[in-house]
Amino acid sequence: MPEPELMTERLALRRFTHADAEFLLRLLNEPAFLKYIGDKGIKTLADAHDYIEQGPLTSYAEHGYGPYRVDRVADGATVGMCGLFKRENLSLPDLGFAFLERFFGNGYATESSLAVILYGREVLRLAELAAVVDPGNRRSIALLEKLGFREEGIYRMPGEDQNLLYYLYRFEPQP
């Protein structure tokens with residue numbers, strides 16, 4: 001198991017490896033993921049391995065960051081993912097998170113997002129972060145606003161016909 005990149009009181013955030021294909025196959029096909037994030041076309045373990053190779057592993061190599069697997073420290077259960085994504089048409093890293101529905105309501109998205117935001121500031125030395133969200137995803141919108149993100153307008157992914165809300169997080173200047 002890879003060493004944690006980030007730790008919180010209850011969570012360990014680790015880089016994805018090919019060993020996580022089964023988990024990602026399940027997560028990316030959860031009803032809430034399909035409804036609010038979209039169908040990534042991951043229907044088999046082979047698809048999940050391709051997703052890991054072309055997504056997280058490529059992002060770590062090219063940008064030094066990416067999505068992380070979120071595990072509970074208490075029992076090692078993998079509960080979701082959270083991290084920074086570099087979208088080709090966004091100038092800023094994008095905070096993204098998704099959790100298995102059975103773990104909703106435990107504060108894991110808040111806790112892991114705060115760790116990722118701190119990493120963005122302290123390690124990556126970022127001035128700003130973006131986030132995009134489906135306008136109907138009230139839970140994620142509430143979380144982004146709780147974290148200090150502010151709605152800045154509408155965003156549309158290339159090749160998509162749905163408008164998303166674009167949020168921005170500005171770090172306080174560091175001395």
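Values in this document were obtained by computation on a predicted structure and should not be read as measured data.

## Some words on the pattern of salt bridges
What the rule picks out here adds up to 11 salt bridges. For Arg121, the salt bridge goes to Glu122, with nearest N and O atoms at 3.8 Å. With a relative accessible area of 39%, Glu122 lands in the partly exposed category. One network of salt bridges, with partners in common, ties together Arg14, Asp20, Arg69 and Asp71.

## Some remarks on the environment of Ile37
With respect to the helices and strands, Ile37 occurs in the loop between helix H2 (31-36) and helix H3 (45-63). For the pair Ile37 and Glu88, spaced 51 residues apart in sequence, the C-alpha to C-alpha distance is 17 Å. Apart from residues lying up to four places away in sequence, Ile37 is in contact with Ala32, Phe97 and Ala98.

## So, the packing of helix H4 (residues 108-122) against helix H5 (residues 138-147)
Running from amino to carboxyl end, H4 crosses H5 at an angle of 45°, the nearest separation of the two axes being 11 Å. Of the possible angle classes, the one that applies to H4 and H5 is oblique. Like other packed secondary-structure pairs, H4 and H5 cross with a definite hand, here right-handed. Here Ala109, Thr110, Ser113, Leu114 and Ile117 of H4 come into contact with H5, specifically with Leu143, Lys146 and Leu147. Of the residues assigned to the contact of H4 with H5, the class counts are five nonpolar, two polar and one charged.

## As for the packing of aromatic side chains
Inspection of the entire model under this criterion finds five aromatic pairs. Judged by centre distance (5.2 Å) and plane angle (50°), the rings of Phe149 and Tyr169 are tilted. Here Phe149 is found in the loop between H5 and strand S7 (150-155), whereas its partner Tyr169 is found in strand S8 (residues 164-170), with 20 residues between them in sequence. A centroid spacing of 5.0 Å and a plane angle of 70° characterise the contact between Tyr169 and Phe171, whose relative ring orientation is edge-to-face. Side by side, Tyr169 and Phe171 carry an identical accessibility label, which is buried.

What counts and how
Residues numbered from 1 in each chain as written. Predicted model: local features only at pLDDT ≥ 70, side-chain atom pairs only at ≥ 80, totals over all residues. Heavy atoms only, no water. Salt bridge = Lys/Arg side-chain N within 4 Å of Asp/Glu carboxyl O. Buried < 20%, exposed > 50% of the residue type's maximum accessible area, 1.4 Å probe, protein only. Helix = DSSP H or I, 4+ residues; strand = E, 2+ residues; numbered from the N terminus. Contact = heavy atoms within 4.5 Å. Axes fitted to C-alpha atoms, helices over the stretch in contact; angles between N-to-C directions. Parallel < 35°, antiparallel > 145°, perpendicular 65-115°, else oblique. Left-handed = near helix turned anticlockwise from the far one by under 90°. Nonpolar A, V, L, I, M, F, W, Y, C, P; charged D, E, K, R; others polar. Phe/Tyr/Trp six-rings, centres within 6.5 Å; stacked < 30°, edge-to-face > 60°.

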